[in-house]
Amino acid sequence: MALLWIPLLTLLGALVPVFTSRYGRRACTLATLIAPLLALGLVLLHGPAVMDGEIARFSLTWMPLLGLDLALRIDGLTMLFALLILGIGSLILYYAGHYLGADEDDGRFLSYMMLFMTAMIGIAMADNLLLLWLFWELTSITSFLLIGFWGHRSDARRGARMALAVTGAGGLALLAGLLLIGQTVGSFDMSEVLAAGDLIRASDHYSLILALVLFGAFTKSAQFPFHFWLPHAMAAPTPVSAFLHSATMVKAGVFLMARFTPALGDSQLWAVSLSLVGLATMLYAAWFALLERDLKGILAFSTISHLGLITLLLGLGSPLAIVAAVFHILNHATFKAALFMSVGIIDHETGTRDIDRLGALWSMMPLTGTMTILAGAAMAGFPPFNGFLSKEMLFEQSLVNDVLGALSALIPLLVMLAATLSVAYSLRLIWSLFFAAPKLTREQKAQPPLKAHDPVRGMLAPGLFLAAMSLAVGLFPMILAAPLVNAASLAVQGDTTPLIALSLWHGLNLPLAMSLIAVAAGILVLRQQKRLAEIAALFPARDAGRIFEAAVLRVVKAALWLTQRLENGSLQRYQALLLLCALAMVAVGLANLDALTGPLGLQPVDGMLVLGAALMVFGAIGSALSHRWRLVSLLMLSVVGLTVSLTFVRFSAPDLALTQLSVEVVSMILFILALFFLPQRPPLLVSSKRILRDLLLAVSLGLVVAMLNYALLTRETISIADYFLREALPGGGGTNVVNVILVDFRGFDTLGEITVLTLAGLATFKLLNRMKLFMPAGNVEGVRWSRHRHPMILAVVAQILLPLALLVSVYIFLRGHNQPGGGFIAGLIPAVALILQYMARGYDWTRERLPVSYPVVAVSGLAIAVATGMASWLFGYPFLTSAFGHFYIPLIGEIELASAMLFDLGVYLAVVGATLMILINLGRVTTIHRPTLEER
Amino acid sequence: MEALFSLVVGVLTASGIYLLLRGRTFPVIVGLALLGYAVNLFLFSTGGLHTHAAAVIGESISPADPLPQALVLTAIVIGFAMTAFVVILAIRARSELGSDHVDGQQGEAGDAK
């Protein structure tokens, strides 16, 4: 449980600055420091056990199906990183309190820092692959927030975006790699995975796993060629750079490689990729560090170079090389954080980070100078600093390796070259800042010289402490670093860890000679700086960041181009594309069919069928051809509709025929009403090319649909009809199986159905609300509509028809369960009769005599249906279980009543209400407005 | 008979789609209605084409498949609801945009796209 408190404390700590920032900067900073220091204490409690090689564990099941457990561990490697994250982190938090401007939002900044700290400590402690990945992604996101903290600056936004894109892409690759590892091993548990190295190396996916995981690690640790995001990330406030880009986040990639060394390492592929990438990164970045003018840029490139050094050491893979890698992780974090802090101070005090603009600061800022010189000497690898120790170990290991076969002899030479450059850029930093005179341009000379002084003690103390630590570790490595390095190496390579003896003096040997050569050569290189700049100018460097940005821009452009092609705002275009897709898919399906005609025999054709088919074809084509003569088109449509209902009669579907007939009537009234409000003779402005395209599309789709239907009709289909036919009477209490299905077996569907119907009705209210209408007073020829709006004969007939219709409706409803009929059909009949009433007498007249609110009717129908469904809960049955029984009613006799009938009543009311709601609303609009003659 | 039925469904589909691709709201609505008929007939036919075989127990010896019938019945009613909604949407669109073009543009610009 104590383990869980470590990330939990830092997470809770993220809230502290938010609430304390109102009490002033100092209080806020100090309060924020409590959580990480407590967490650090908790980590240190495990120190003695971990030094003895034990691993502290904690595990909580989180999502067992995914294999994701909240599993944490502390081993030597975790301990090392936890000290960096929490220890250096606390120092940087303290420093940040002084660094931020008085008007800057310290609460937000410190809170982000704490969130990042949580994510980072999570990576270090994760004992589950998926959990590790989760924290890995969190560092990407929080670092995005931190780099972009000064969001008003475009370089900050760009840098943040680039860092997120590159490390985010790496994160996705890492996830894929981790999932593959999990699949190979059969578990996401870290200990099991680390123990299953042989299994992973033997798997077919090993090279793929390695590529994915290393892509994640290299992007995170800014290895060549993915290094370009790091210099751009220097747009972040300096405490962020000190924390993320020296001590922690960029070390996550290195951590990952170290962590997975037991599982993935120890293969030729691993050794070659790591050492080559490490070497390339180390040299490339060191060269650019020498040329860079921005102070933070120098440090960024130097960081990349040092990370390459660590990658190289991990690639060399010998027990001592890994010890050196672990040791250098510690050393680099110490001196680089100090250097970032001092650069931050200089920037803070002088207002510039241009190395040429600065110079001769020693007399003005002696303490800052001391700090920079100490840390810079460690970076250069001068004795007796910690950087010297790990560099000596690198030299030694580079001499004894054989990872590149015969080419291995090159490694010490290249390493020495990198060391030379490293000496040169470190000395350049120190020399130009504090001793040399600034190299000013003419304009800059005209300005008053820079004045600066050492900052307040609070800002100096953390950096000075770290710089002193690099010296102390160099002097007393066995006391200060050896136990930790030993424990961390033990976690990386298990029992093969050699008994290490870190010491400053190894006697006169080859590595020492290499060091001396590097220092001498470095000084020489620095003296030739001018010539160096000339050489560099011969090779105009292409900033990989620019290339990346350009690539991103190209992708955005391509996406825009495609979007504009697909989405030009034309409904016709969308429909044509969708239909084309449908055509392609059906065509593919048909192509896979052996023969169009199936084994089932064909039924004979008779005269009535031919007549019906001819009517429908005539109506359909006529309707399409006459679409500009809208009334004609509509009449053609109704021919089709009525023939469809006859088709249902012919093919044994009386319920469908009745429904279709009544819907047809209602729809036609609706269409004619709509026609009243729409232009009656639109202009023809369509190109013949367009018509040809549409015709082609329509005919080919019609053809494939016809073929599909034919293929279907001539084949035997598997039907579940038997179940319904068998169960309708005993289970549903009705003989009309279609109706029993609707109100009983699939009652839930029907409930959804009437809900949609009611909603459509209610929606028309909103749509017709406060509408400005075009209302013609006559037809297109300018003939006025008849003055007799309510013809007498129609009025009389409608009045006589209404009670009859209601009677028929009740009859159809009651017999619905056993004979063709039911709520849907019965509901449409009174709707038609009432509409006729409205048409004959007008809205106001009918309204006076029939003050019914149709929305209420529809909604109460819905309510009855739902209540019937819920009633079955009272009896302990699932929703919409039906019951039926036989009842004796005086005069009528014995009758069978089913609860499904009550449900059908709900359907009935919903249909009546919704239909009338739609039509009456639309019809009513005509009575409000005064018609005008339409322009031709 | 099967060929004739499929032919009708095909013609209904083609006419419906041709209308669906017009630029004015009214033909689009008519096209939707035609397409609706085609789809309903298609769905209905998946139960097979039977004569004198209403799915009422006791009426016929081998009743037709009632399930497609039930599905099509609700489809007809829902189809009506949707048609009504689209019709009123079209009216509203004309009153808001001053045009009955599906993209709300009047004249040549609207038709040319």
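### A short note on the overall build of chain B
Consideration 1: Per the secondary structure count, chain B includes 4 helices and 0 strands.
Consideration 2: Seen in sequence order, chain B has helices and strands lined up from the N terminus as α-α-α-α.
Consideration 3: A burial count over chain B gives 66% of its 113 residues as buried.
Consideration 4: Taking all contacts inside chain B whose residues are at least 6 apart in sequence as the whole, residues at least 24 apart take part in 49%.

### Some details on the interface of chain B and chain A
It is common to report an interface's size as the accessible area lost on association of the parts.
Consideration 1: The interface is formed by 82 residues belonging to chain B together with 111 residues belonging to chain A.
Consideration 2: Approximately 8900 Å² of surface area, both sides summed, lies buried where chain B meets chain A, with 75% of it carried by carbon and sulfur atoms.
Consideration 3: At the surface where chain B touches chain A, the tally comes to 2 salt bridges.
Consideration 4: Two residues, B:R22 and A:D694, come together in a salt bridge whose shortest N-O distance is 2.2 Å.
Consideration 5: At the boundary of chain B with chain A, the tally comes to 19 residue pairs in polar contact (both at pLDDT 80 or more).
Consideration 6: Those elements that provide at least two residues to the side of chain B that touches chain A are α1 (2–20), α2 (25–45), α3 (66–97) and α4 (107–112) of chain B.
Consideration 7: If one sorts the elements of the side of chain B that touches chain A by residue count, α3(B) sits on top with 24 residues.

### Describing helix α5 (residues 76–99) of chain A
All names here are of chain A.
Consideration 1: With 24 residues, α5 extends 33 Å between its outermost C-alpha atoms, agreeing within 8% with the 34 Å of an ideal straight helix rising 1.5 Å per residue.
Consideration 2: The sharpest bend along α5 reaches about 25 degrees and sits at G89.
Consideration 3: Across the 24 residues that make up α5, a large majority, 19, are buried.
Consideration 4: With a side-chain oxygen lying 3.3 Å from the backbone nitrogen of L77, the N-terminal cap of α5 falls on D75.

### Comments concerning the pairing of strand β1 (residues 56–63) of chain A
Residue and element names in this part refer to chain A.
Consideration 1: Two strands pair when backbone bridges link them, and β1 and strand β2 (residues 68–74) are joined in this way by 7 bridges, in the antiparallel orientation. Within β2, the position partnered with M63 by the bridge is L68.
Consideration 2: The hairpin formed by β1 and β2 contains 4 residues between the paired strands, and G67 there has a positive phi angle of roughly 85 degrees.

### Here's the deal with the confidence of the model for chain A
Consideration 1: Per-residue pLDDT for chain A has a mean of 87; in total, 96% of the residues score no lower than 70.
Consideration 2: At the low end of the mean pLDDT range in chain A sits strand β4 (residues 893–898) of chain A, at 66; at the high end sits helix α11 (residues 206–220) of chain A, at 94.

### Looking at the packing of aromatic side chains
Consideration 1: Inspection of the entire model under this criterion finds 22 aromatic pairs over all chains.
Consideration 2: Ring pairs connect the aromatic residues A:F224, A:Y284, A:F288 and A:F301, which therefore count as one cluster.
Consideration 3: Directly above the aromatic system of A:W845 lies the positively charged group of A:R841, at a separation of 4.4 Å from the ring centroid.
Consideration 4: Directly above the ring of B:Y18 sits B:R22, whose terminal nitrogen or CZ lies 4.2 Å from the centroid.

### Observations regarding empty space enclosed by the protein
Residues and elements named next belong to chain A.
Consideration 1: In total, this model carries 5 cavities of 30 Å³ or more according to the counting rule given.
Consideration 2: In this model, the largest cavity occupies a volume close to 70 Å³.
Consideration 3: Looking at the lining of the largest cavity, the elements with two or more residues in it are α17 (295–316), α20 (386–400) and α21 (410–434).

### Quick notes on a nonpolar patch on the surface
Residues and elements named next belong to chain A.
Consideration 1: The grouping of W5, L8, L11, L12, L15, V18, F19 and L115 at the surface amounts to a nonpolar patch, some 690 Å² of accessible area in total.
Consideration 2: Ranked by residues supplied to the nonpolar patch, first place goes to helix α1 (residues 2–13) with 4 residues.
Consideration 3: Note that L115 resides in helix α6 (residues 106–125).

### So, the environment of A:A472
Residues and elements named next belong to chain A.
Consideration 1: Inspection of the secondary structure assignment puts A472 in helix α23 (residues 457–475).
Consideration 2: Of the residues examined, A472 reaches a relative accessible area of 21% and is grouped as partly exposed.
Consideration 3: Along the sequence, A472 and P384 sit 88 residues apart, while their C-alpha atoms lie 8.7 Å from each other.

### A word on unusual backbone geometry
As a rule of thumb, non-glycine residues mostly have phi less than zero, and peptide bonds are mostly trans rather than cis.
All names here are of chain A.
Consideration 1: For the bond running from F224 to P225, omega is 5 degrees, close enough to zero to count as cis.
Consideration 2: Within the element layout of this structure, P225 appears in the loop between α11 and α12 (229–232).
Consideration 3: The peptide bond linking P383 to P384 adopts the cis configuration, its omega dihedral lying at 5 degrees.
Consideration 4: Tracing the chain through its elements places P384 in the loop between α19 (366–380) and α20.
Consideration 5: A positive phi angle, close to 50 degrees, is found at A360, a residue other than glycine.
Consideration 6: Along the polypeptide, A360 turns up in the loop between α18 (319–350) and α19.
Consideration 7: Of the residues examined, A360 reaches a relative accessible area of 31% and is grouped as partly exposed.

Each value, and the rule that gives it
- Residues numbered from 1 in each chain as written.
- Chains lettered and ligands numbered in written order.
- Predicted model: local features only at pLDDT ≥ 70, side-chain atom pairs only at ≥ 80, totals over all residues.
- Heavy atoms only, no water.
- Helix = DSSP H or I, 4+ residues; strand = E, 2+ residues; numbered from the N terminus.
- Buried < 20%, exposed > 50% of the residue type's maximum accessible area, 1.4 Å probe, protein only.
- Contact = heavy atoms within 4.5 Å.
- Buried area = accessible area lost by both parts, 1.4 Å probe.
- Salt bridge = Lys/Arg side-chain N within 4 Å of Asp/Glu carboxyl O.
- Polar contact = N/O pair within 3.5 Å; in protein donor to acceptor, adjacent residues only side chain to side chain.
- Expected span 1.5 Å × (residues − 1).
- Bend = angle between axes of the 7 residues up to and from the residue.
- Pairing = 2+ DSSP bridges.
- pLDDT = per-residue confidence, 0-100.
- Phe/Tyr/Trp six-rings, centres within 6.5 Å; stacked < 30°, edge-to-face > 60°.
- Lys NZ or Arg CZ within 6 Å of the ring centre and 35° of its normal.
- 1 Å grid on protein atoms, 1.4 Å probe; cavity = no way out; pocket = protein on both sides within 12 Å on 5 of 7 lines; lining within 4 Å.
- Points joined across faces, edges and corners; volume = space filled by probe spheres on them.
- Patch = residues over 30% accessible without salt bridge, like charges linked within 9 Å, V, L, I, M, F, W, Y side chains within 5 Å.
- Areas by Shrake-Rupley, 256 points an atom, 1.4 Å probe, with all protein chains shown as cover.

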